[in-house]
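Understanding the architecture of this molecule
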Amino acid sequence: MSNSLKETAAKSMFWAVGERLLTQGTLFVISLVLARILSPEDYGVLSLLLVFINLADVLVTNGLGEALIQKDKPGKVDYGTIFVTGLAMSVVLYALFFLCADAIAAFYGTGQIGSYLRVLALRLPFSTLNAIQKAYIAKAFLFRKQFVASSLGSLLSGTCAIAMALYGFGIYSLIAQQLLSVVLTSLIMALQTKWLPRFTFCKQSFKTLVPLGVQFCGASLINSIYTEGRSLIIGKFYSAADLAYFNRGNQFPSMVIGNLNAPISNVMLPVMCKVNGDKDRLRSVLQKAIRLSSYLVFPMMAILAGCAPALVTVLLTDKWSACVPYLQLGCLFFLFQPLQTMNWQALKAMGEGACCLRLEVVKKVICFGLLFASIPFGVMGIAVASAASGFFSMIVNIVPVRRLLDYGIKDQIWDIAKPALASSVCFLAMLLIGRADMAPIALLTVQLMSGLLIYILGSIVFKLDGFEIICSELHSRKVRKDAE
């Protein structure tokens, strides 16, 4: 990687990680406040609504924006064409939701869900705009502007939700948060970048970008159908409270992944696209991304799983204690994300849309098989099946990368072996500390400090690759700053 590209990637990663940390941290604090005001049933209803909205979001956001990032030099006409295409899709989808809302409510036996869905689906056109803005920002490496927009959007929408919850609006406070977050973020992005996509359409641009975007979108849609399918099954066969406990447990590790692995992968995609023509450079970028993301994600999952009982008691109170086992199994599922995500981004950078689609079909055949087999064993069985599906999905994603970049399972497992071992030691140590008879908040403090200390010491003693990458980058930044 050239020095200029390396420096750009490092700055972009700093702002991307910062954006996720601040945004997700804000949302997490707000969710803690709302969880104390609202009931698990309110969150269960929101989870059912998001099943449909998230699937629709995939159709109007995923794939098309990534096709713009993958293209070498997209122009105004390209951005405009994709925006108009996505906007048209969002209008059609909203009309379908509006017409089918009563049927969906009848399916779940809850009449109010139809009204909730009609309101929440209004966010779809704004999601389309937001996706194009993010593609423009990623292509130009303007992640600092995204940092400001997302942070302010999350804070303002969350504050509004808390105020509404205090005034007794119930589920509508959560719906308002979902709507305002997208609307405000898009507005602030437009003010920050002084850029909006045009209402233009070019047939040639459509033919060039949409086929690849459809392949990426198809892969994401299949994945979302599986993810939301779990919620559909839990919501249909079990209670709304069961669904709330399952989703709340997964929220903790999901937030960590969103803060660490997701921003790294988002920055790596445009970086990988820039070095796509050089196989050795692309392999080097992928290897570095895997080492860095696994170094950061593994200990966080281990620490989170180890302190789960005390964490839930302190942050959510005992009324949410039933989500602890789902949280721990969620950590196991997300443990496999660094390898799965980075290999996926490398395939996208190489324009392997058809390959991505085929891989997703294979993975979801396995995942759906595990899901359906787990239904008789209750929600806990579904959680175990989900964790197993994460492992198999990781293996499937690595297979074509071995052929295309000569970077296979053996090499990748070796690259993550040290942080995996160090994280396992952290997890065992935290389980032992968890047996101590201490107040929950004191126990949580001791567990967190001990886990972090053990991992940092292990990083220094065993010279973990991720630790050395971070130290090297910090040293380089200091040298550049001194030279200025």
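The shown structure was predicted, so the numbers you read here are calculated from the model rather than taken from an experiment.

Here we come to the overall build of the protein. Helix and strand counts for the protein stand at 20 helices and zero strands. Taken over C-alpha atoms, the radius of gyration comes to 22 Å for the protein, in line with the 23 Å a tight globule of 484 residues would show. Projected onto its principal axes, the C-alpha coordinates of the protein cover approximately 65 × 60 × 45 Å. Taken across its 484 residues, the protein has 54% of its residues classed as buried. Counting only contacts in the protein whose residues sit at least 6 apart along the sequence, the fraction spanning at least 24 positions is 84%. In the structure as shown, the protein presents an accessible area of about 20900 Å², 67% of it carried by carbon and sulfur atoms. Within the protein, one finds 41 positive and 25 negative side-chain charges whose respective centroids are separated by 5 Å.

Right, let's talk about the packing of helix α12 (residues 279-306) against helix α14 (residues 324-334) for a bit. With their axes 9 Å apart at the nearest point, α12 and α14 run at an angle of 165° to one another. As summarised for this structure, α12 and α14 are arranged roughly antiparallel, according to the angle between their axes. Two packed elements cross with a definite hand, and for α12 against α14 that hand is left-handed. In this structure, α12 contributes Val297, Met301, Leu304 and Ala305 to the contact, and α14 contributes Leu327, Gln328, Cys331 and Phe334.

This brings us to the packing of helix α13 (residues 308-316) against helix α19 (residues 440-461). Where α13 meets α19, the closest approach of the two axes is 9 Å, and the angle between their N-to-C directions is 130°. Comparing their axes, α19 and α13 come out oblique. In terms of crossing hand, the pair formed by α13 and α19 is left-handed. Residue-level contacts link Ala310, Leu311, Thr313 and Val314 of α13 to Pro440, Ile441, Leu443, Leu444 and Gln447 of α19. Of the residues in the contact of α13 with α19, the class split is seven nonpolar, two polar and no charged.

In this fold, Ser31 is placed in helix α1 (residues 3-37). Given the relative accessible area of 7%, Ser31 is considered buried. Discounting chain neighbours no more than four positions away, the residues touching Ser31 are Tyr43, Arg248 and Gln251.

Per the counting criterion, the structure on display carries 16 aromatic pairs. Aromatic pair Tyr79 and Tyr136: ring centres 5.8 Å apart, planes at 70°, arrangement edge-to-face. Of this pair, Tyr79 sits in helix α4 (residues 76-108) while Tyr136 sits in helix α6 (residues 124-140), and the two are 57 residues apart along the sequence. The class for Tyr79 is buried, based on a relative accessible area of 6%. Judged by centre distance (5.6 Å) and plane angle (85°), the ring pair of Tyr245 and Trp320 falls under edge-to-face. In this pair, Tyr245 sits in helix α10 (residues 240-259) while Trp320 sits in the loop between α13 and α14, placing the two residues 75 residues apart along the sequence. Residue Tyr245 shares its accessibility class with Trp320, and that shared class is buried. One aromatic cluster is present, formed by Tyr79, Tyr136 and Trp195 through successive ring pairs. Directly above the aromatic system of Trp320 lies the positively charged group of Arg248, at a separation of 5.0 Å from the ring centroid. Looking at Lys363, its charged tip hangs above the ring of Trp344, at a distance of 4.3 Å from the centre.

We now examine the side chain of Thr185. Checked against the element boundaries, Thr185 lands in helix α8 (residues 171-193). The contact partners of Thr185, leaving out residues within four places of it in the chain, are Asn130, Ala149, Ser150, Gly153 and Leu180.

Applying the stated criterion across every chain yields a total of zero disulfides. With no disulfide partner, Cys323 has as its closest neighbouring cysteine sulfur the one in Cys331, 11 Å distant. Cys323 sits in the buried class, given a relative accessible area of 0%.

For helix α18 (residues 409-433), which comprises 25 residues, the first-to-last C-alpha distance of 35 Å matches the rise-based estimate of 36 Å (1.5 Å per residue) to within 8%. At Ala417, α18 shows its maximal bend, which comes to roughly 45°, and the proline Pro419 appears one to four places after that position. Burial in α18 covers these residues: Gln412, Asp415, Ile416, Pro419, Ala422, Ser423, Cys426, Ala429 and Met430.

Counted by the stated rule, this structure contains seven salt bridges. The partner of Asp57 in a salt bridge is Arg123, and the shortest N-O contact between them spans 2.3 Å. With a gap of 66 residues between them, Asp57 in helix α2 (residues 40-61) and Arg123 in the loop between α5 (112-120) and α6 connect regions that are remote in the sequence. The shortest N-O distance in the salt bridge between Asp102 and Arg118 comes to 3.4 Å. Highlighted residues: Asp102 in helix α4 and Arg118 in helix α5, separated in sequence by 16 residues.

Scoring rules and cut-offs
- Residues numbered from 1 in each chain as written.
- Predicted model: local features only at pLDDT ≥ 70, side-chain atom pairs only at ≥ 80, totals over all residues.
- Heavy atoms only, no water.
- Helix = DSSP H or I, 4+ residues; strand = E, 2+ residues; numbered from the N terminus.
- Rg over C-alpha atoms; globule rule 2.2 N^0.38 Å.
- Buried < 20%, exposed > 50% of the residue type's maximum accessible area, 1.4 Å probe, protein only.
- Contact = heavy atoms within 4.5 Å.
- Areas by Shrake-Rupley, 256 points an atom, 1.4 Å probe, with all protein chains shown as cover.
- Lys, Arg positive; Asp, Glu negative; His and termini not counted.
- Charge placed at Lys NZ, Arg CZ, Asp CG, Glu CD.
- Axes fitted to C-alpha atoms, helices over the stretch in contact; angles between N-to-C directions.
- Parallel < 35°, antiparallel > 145°, perpendicular 65-115°, else oblique.
- Left-handed = near helix turned anticlockwise from the far one by under 90°.
- Nonpolar A, V, L, I, M, F, W, Y, C, P; charged D, E, K, R; others polar.
- Phe/Tyr/Trp six-rings, centres within 6.5 Å; stacked < 30°, edge-to-face > 60°.
- Lys NZ or Arg CZ within 6 Å of the ring centre and 35° of its normal.
- Disulfide = S-S within 2.5 Å.
- Expected span 1.5 Å × (residues − 1).
- Bend = angle between axes of the 7 residues up to and from the residue.
- Salt bridge = Lys/Arg side-chain N within 4 Å of Asp/Glu carboxyl O.

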